[in-house]
Amino acid sequence: MRMSPGFLLAALPLALAGCADGRTLLSAEGSGPSLYVASVTVNCPSPMTAGQTSQCNAYAYDQNNAFISNATFTWSSSNTGVATVSSTGQITAIAAGSVTIYASSGGVTGSTGVTVNPGLTVTINGPGLIPRFTTCYYSASVSGGTSPYTYDWEASGGSGTENGRYWSGESISAAMDLEVTVTDANGVVKTVSRHIDTAWNAPAC
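Residues numbered from 1 in each chain as written. Predicted model: local features only at pLDDT ≥ 70, side-chain atom pairs only at ≥ 80, totals over all residues. Heavy atoms only, no water.

What follows deals with the sheet that holds strand 16 (residues 166-172). Note on sheets: strands pair through backbone hydrogen bonds, and any given pair is parallel or antiparallel. Read across the sheet, four strands follow the order 11-13-16-15 without closing on themselves; strand pairing throughout is antiparallel. With one partner strand each, in any of the chains shown, strand 11 (121-125) and strand 15 (160-163) form the two edges of the open sheet. Taken over all neighbouring pairs, the strand axes of this sheet differ in orientation by 15 degrees on average, direction set aside. The sheet contact formed by strand 15 and strand 16 spans four bridges and is antiparallel. Of the residues in strand 16, the one forming a bridge with T161 is S168. (Pairing = 2+ DSSP bridges. Helix = DSSP H or I, 4+ residues; strand = E, 2+ residues; numbered from the N terminus. Axes fitted to C-alpha atoms, helices over the stretch in contact; angles between N-to-C directions.)

Pasting the structure below:
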């Protein structure tokens, strides 16, 4: 059937129109407007540790609750002092606190909350001066981050036995540096070291 020019002009505004509420019509098949974004869900890791970088994901669904595979998103953070988010959804935890991460597509916005824990603080406990050829004991105190933690001890100039957050030096005969690396549940790493001196007349451990 041949259509008149007048009919085509009358139909043009309908073909170009979006939704009355401002949402954008999409066409996954490229055959014209057939669906629109009705909802957006956002997933981000939580809790995070200050200094950690991870990936958020967003998903758009149409009016039939079907997943829209070609949807694109605009990302934003409610508080960039706590966490920032890039144009691709990469989130970086800055400081302890709570933040909301938003993703928008087709005029519809979804969000999720993220808790950021303080960064790792690690202290090695134990004497800084020990008697020579003596076995002494040390421990790591950890605050911040997200538990559980793992511990890796290293000693330069001495040998010892490690057991989680504890380390015992065996017959230490000379000054050494004791180091512990702590990794939290989110993969954030903190390494600290402590110098230990020896002397014949040093106080007992």
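Glancing now at unusual backbone geometry. Cis geometry is adopted by the peptide bond preceding P47, which originates at S46 and carries an omega value of 5 degrees. When you line up the elements, P47 lands in the loop between strand 2 (35-43) and strand 3 (48-49). Of the consecutive residues S147 and P148, the connecting peptide bond is found in the cis state with omega at 5 degrees. Within the fold, P148 resides in the loop between strand 13 (134-143) and strand 14 (150-156). In this structure, N65 takes a positive phi of about 65 degrees despite not being glycine. As for its position among the elements, N65 is in the loop between strand 5 (57-62) and strand 6 (74-77). Within the chain, F133 stands out as a residue other than glycine whose phi angle is a positive 60 degrees. Under the relative-accessibility criterion, F133 is labelled exposed at 51%. (Buried < 20%, exposed > 50% of the residue type's maximum accessible area, 1.4 Å probe, protein only.)

The biggest cluster of nonpolar side chains holds 24 residues, and the ones touching the most others in it are V40, V42, W75, I91, I101 and V114. Going through the elements one at a time, strand 2, strand 5, strand 7 (83-85), strand 8 (90-93), strand 9 (97-105) and strand 10 (108-117) are the ones with two or more residues in this core. Take this core: its biggest share by element is four residues, from strand 2. Residues in contact with V42, not counting those within four places in the same chain, are N57, A58, W75, I101, A103, G110, S111 and T112. Core analysis: the second largest hydrophobic core is formed by 15 residues, C136, Y138, W167 and M176 among them. (Core = buried A, V, L, I, M, F, W, Y, C linked by side-chain atoms within 4.5 Å. Contact = heavy atoms within 4.5 Å.)

What follows is about the sheet that holds strand 7. Reading across from one edge, 4-8-7 is the order of the three strands in this open sheet, with antiparallel pairing throughout. Each having just a single partner strand, strand 4 (53-55) and strand 7 make up the two edges of the open sheet. Going across the sheet, the axis of each strand differs from the next one's by a mean of 25 degrees, ignoring polarity. As paired elements, strand 7 and strand 8 share three bridges and run antiparallel to each other. Its bridge partner lying in strand 8, A83 is registered against A93.

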